[in-house]
Amino acid sequence: MNFFLDSILFSYGQIFFSNRRWFGALALTATFVVPEIGSMSLLGVVISNLTALMLKYDRAKIRSGFYGFNGILFGAAVIFFYKLSFPLLLLIPLFIVITFLLASVLENYFAAVFNLPGLSIPFVIGLYVFMVFLTNYNFISVSSIKTYDVYFSIVPLWLQSYFKSLALILFQPSFISGVLISIALLFFSRTLFLLSIIAFASNVIFLNLILPQNSDSLLIITGFNSILTAFALGGSLIIPSRKSFMLAIFSVVLVIIFTGFFYKVLHGTLPVLVLPFNFIVLFTLYSLRFRQEQSDLVALYFTPGSPEENYYYHHNRQKRFERFKFYFPELPFFGEWFVSQGYEGEHTHKEEWKYALDFVIADEDGKQYKETGKELTDYYCYTIPVTSSMDGEVVKVIDGIIDNEVGKVNLEKNWGNTVIIKHGEGFYSSFSHLKEESIKVKVGDLVKKSDIVGLCGNSGRSPFPHIHFQFQAIDKLGDKTLQYPLAYFLQKTDLGLELKIFDIPEEGKSIRNIETHKSIKNAFSFSLGEKLRFKCRLKEKVFTEDWEVKVDIYNSLYLEADSGDCAFFYQTDKLFYFISYTGNKRSALYYFYLAAHQTPYCYHKNIYWKDRYSIVDLTGTRIRYLSEFFLLYKNFLTTEGKFSFGERFEDEDSFLIKNTINIQGKGLFKGFSRLFNTEIEINAEGTISRISYFETGNKTFEANSINK
Amino acid sequence: MTKKRYERPIIIKHISGLMNKFGSNPTASYKSDIDGVAVEKLVEKFGSPLFVISEKQLRQNQREAYRIFKTRYPKVQFAWSYKTNYLNAVCSVFHQENSWAEVVSEFEYEKARRLGIKGEHIIFNGPDKSREALLRAMKEKAKIHIDHFDELYTIIELTEAEKLKAKVAIRVNMDVGIYPMWDRFGFNFENGEAWQAIKRIIAAKNLELVGLHTHIGTYMMSAEAYRVAAINLGTLAKKIKNDFDKVIEYIDLGGGFASHNTLLGQYLPAEQVVPSIEQFADSISSGLFELSFTNEEMPTLILETGRALVDDAGFLISSVIANKRLSDGRRAVIIDAGVNLLFTSFWYKHKISPAQPNGSYTENTTIYGPLCMNIDCIQDSIALPALKVGEKIVIHYVGAYDMTQWMQFIAMRPNVVMVMENGSVELIRKAENIDYLMERERVPEKLLLKKK
């Protein structure tokens, strides 16, 4: 029963690109402003969904309203145009089924072939067929629905027109339905609400500019097409942005032109309905697909939520994972080195060779040598091992070039002794200036990450000992450099060691590789089927929560709590991170999701790292409902987590990963700031023993692990 | 303008012309401060003699040694050799620099525990470990380095009786081309004794063999010896993996790196003949890499370096008590620090500097301590300028062994201070006094000379 109710409510929501039950319920209520229309559209969705269910279509799709909304529109439209009579009542269910069948064909076809939504085309076709078919009979009379709008003449006409445009999306003749829908929109999405107003306003302006002679007759029809089109292109099917906002306004112009076009083509025989909206949205989305760069006006690539949620999801994902790459190279040495020349360095890293790195070893005072620095052997890095940055095959070895004296360079053989390793198609790494006769590998050798390749030397164009390291696309000596980040490394700063993930080492910084710590790695190495149990205390409430590690059909691992909450995660050999969370924001799993958002498998007293959160994942963020009015312009709220290890004395066995989550307003919302803290305690055996959560310094949640 | 220092006249042979084979006249440089703190001030506040330890130098030595090893071999762990200097403050500096503790006695073990080091970060070496000590070490998961079969049997017996597991390593002795060969500790490599011990440990179900240890000697002058030692232990580790499918967690190459001190018998100064830590590290890492361990098998390299990390961080300030001419005309000075404080003077020619600027002329001088014993000679012959009574000298490189092997004999042990990184001075061991000395003593009733 719940399932069926959901399928109905979500169907109503779908019309406005909403996935909320309450929105569906409000839309449903709005249709009952005129009860005949309300009941007929309800009949439409019930029959559509029942048919789908009987024919065993995908239950999840039925529940989401995928098959139902065309039925709603059809039911409503029929009553909008015709007076209800007995023979009509017999025909309607039949045509609802026909519309459903059309929907099942078109929605799925568009999805499969173009990866586009089918929108309401099935409804338009179904209704046209119905209308043309009805001309065979003579019992048809035109609808004569009475609205009570006359009693509200106090509401200015322009406002009535706006509400009417909204109401007409559901084929409601009364502007009161529009008021309800408008309120629902406001609560569901500030972006859509704003778009509806702007789309309607631009519609009035452009209509008067483009088709002044028809401005009265077409106002409502272009109005609701404009609003729907602006919804789709401005925020619902494209991630909201300034550009999408411009696109939404431009689409209003298109709506007017195409409405004018369809109006003439159909020549009064058939209503224009939502044809302009369907046409414009589909061709715009499809044409955008052929751009070379998809970095803006991004079409939805995930299960949609509200435009705001889409915005947060997309930007969060972009900031967190955009840099993640296919290869995971690490620094090509042991211990701590110093970047003496970085990308686009002033000495030699220029033009085609700008994406290269030079490494040396420096002491506490930043000096690279002891004694006078006049002998090669004075240099700390001279004869120190250089290692492969990841697994690969040695494809080129150049040896036999003598090491220069300090201060001299060999411009003839400027690369010096060099090893080039192939890691994959189009991905090679190259080490230069190695010490003569120090290369430990030969062409054809397979090397593993951190295997020694040779020793740091001073051959080629190298006035003092250093390693020149670069990625390149082919195996040619000295080929042009490839910009490619290192998967993870630690960079020394004034505050300690900053963990960098898929980043480029900066010139003038000391850097080193991550060393995995057994206990911490154990704590985050969740394997399929593993079960965890926690005794939890949320304020006064005490409960037990169980988790299990599961995998979905796309091979994504996730933790599922017994309450059904899910947190998807990913793990590499050195890093654990959560991707998304769905469910209750008061479960241990939720707090763990916040606390372990991104965790390296290493321990250092003074290591720290940062990560971003999606604001919808956090609590106490109601301010966003206000800031979202400006989302099409800019997001005024930032959410960042700062992670570090808690102070740990030698005699302590456990590790504490601390995190401060800061929600900070910018610009207009400068005054807004909220702080949360999380802690994860990991014991020496490598199990997560405690998860804590603090709001403004007070512990509000704690979970302690219980061994099963 | 301060008054110029008076220096009494000395008579020296005039050498004219260019340099001859003996070089020019030695001139003494002076050391008037330690890490920026004036010697004069230190003595004023803490008395003379006075041991001074530089925190900065300790940390710098440890960091440098770590850097040198860490850039050559990926898994490195230092363990501070307690016997070299187990003053709490000194140990704590090393522990703060991530060193574990290497102890050779029960009281050192207890010291490490009291400083907060947990059992699993203690390496328990030495031939004398009581049953109680072993039991405690097992319970606290310390790494027990077994020295002989009798100890091994005791451990097996204890683990069975107490139903305990023990993490153990064996100490291995071997011929690495050094004379004399140290074979009194551990099990011999060449004659197969070590392998016997390994087999016995693997067979004991309550013992886990986690490491292999060797300590080839002390004040080593050959880096190559360490390469051989590393290869030998690595070979054992590989064989253990092959035969018993057991991965050895660590290889412990002990200590023994030489410091800057010059041995009595050495002709050239230490700086010129002693291998640098880089050379030791090169030999060890190249030895270990020869065995081509896989990433998972690769053992952690543990180093118990003591002397090389602490020697040059320790100074002994002493005051001149008297000047003397010996019967053969040699000059001698008596200072207030004797061999009871400077045990290492039995094998080192310490570097000694005056603590104040001097004239450019020096004289060969014998330095005696204040003890009324003939053996109390700090240095037989050293070129020193004329010193006045009450003036200070600084004895260098006394961080290792002196503050553990010192004794209360005729004179008592003085204050030890640490010059901290920020320039402040902290007292880290208070001078002993008569109360401290007599506190432990008991006089039988019968022997009492005065009324209680």
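K.L.:
What am I meant to see in helix α11 (residues 215–236) of chain A here?
P.N.:
Residue pairs spaced three or four apart in an α-helix point in one direction, given the helix's 3.6 residues per turn. Largest kink in α11 of chain A: about 30 degrees, centred on I221 of chain A. Taking burial as the measure, the 22 residues of α11 of chain A include 17 buried ones, the bulk of the element.

K.L.:
What am I meant to see in the domain arrangement of chain A here?
P.N.:
Interface size is commonly expressed as the accessible area that is lost once the parts come together. Residues and elements named next belong to chain A. Looking at chain A, the domain boundaries give domain 1 (2–188), domain 2 (224–322), domain 3 (337–504) and domain 4 (518–706). The gap between the C-alpha centroids of domain 3 and domain 4 is 38 Å. Listed by partner, the interface residues are 8 residues for domain 3 and 8 residues for domain 4. Of all the secondary structure elements, the ones that give two or more residues to the side of domain 3 that touches domain 4 are β11 (486–493) and β12 (496–503). Counting residues per element, the side of domain 3 that touches domain 4 draws most heavily on β12, which supplies 5 residues. Partitioned by chemical class, the residues of the side of domain 3 that touches domain 4 number 6 nonpolar, 1 polar and 1 charged.

K.L.:
What exactly am I supposed to notice about the confidence of the model for chain B here?
P.N.:
Note that predicted coordinates carrying low pLDDT should not be read in detail. Within chain B, residue pLDDT values average 92, and 97% of them lie at 70 or more. Per the prediction output, this complex has pTM 0.85; the corresponding ipTM is 0.87.

K.L.:
Even after reading the chapter, I still don't get the environment of K146 of chain A, so can you show me in this structure?
P.N.:
Residue and element names in this part refer to chain A. Position of K146 relative to the elements: it lies in the loop between α7 (121–134) and α8 (157–169). In this structure K146 comes out as exposed when scored by C-beta crowding, with 9 C-beta atoms within 10 Å. It is 90 Å that separates the C-alpha atoms of K146 and S462, two residues lying 316 residues apart in sequence.

K.L.:
Explain the environment of I410 of chain B here, please?
P.N.:
One can find I410 of chain B in the loop between α12 (402–405) and β21 (416–419). Once residues within four sequence positions are removed from consideration, I410 of chain B is found in contact with N340, L371 and C372 of chain B.

K.L.:
How should I be thinking about helix α5 (residues 69–81) of chain A in this particular structure?
P.N.:
Residue and element names in this part refer to chain A. If you check α5, its first and last C-alpha atoms are 18 Å apart, about what 13 residues at 1.5 Å a residue would give, namely 18 Å. A large share of α5 lies buried, amounting to 12 of its 13 residues. Within α5 the residues assigned to the buried category are F69, N70, G71, I72, L73, F74, G75, A76, A77, V78, I79 and F80. The secondary structure elements touched by the buried residues of α5 are α1 (2–15), α2 (21–31), α3 (35–54), α6 (86–114) and α7.

K.L.:
Help me out: how do you make sense of the interface of chain A and chain B in this one?
P.N.:
In this complex, chain A contributes 15 residues to the contact, which on the side of chain B involves 15 residues. Class assignment for the residues of the side of chain A that touches chain B results in 7 nonpolar, 2 polar and 6 charged.

What counts and what doesn't
- Residues numbered from 1 in each chain as written.
- Chains lettered and ligands numbered in written order.
- Predicted model: local features only at pLDDT ≥ 70, side-chain atom pairs only at ≥ 80, totals over all residues.
- Bend = angle between axes of the 7 residues up to and from the residue.
- Helix = DSSP H or I, 4+ residues; strand = E, 2+ residues; numbered from the N terminus.
- Buried ≥ 20, exposed ≤ 12 C-beta atoms within 10 Å, placed from the backbone.
- Domains from an automatic or database assignment.
- Contact = placed C-beta atoms within 7 Å.
- Nonpolar A, V, L, I, M, F, W, Y, C, P; charged D, E, K, R; others polar.
- pLDDT = per-residue confidence, 0-100.
- Expected span 1.5 Å × (residues − 1).

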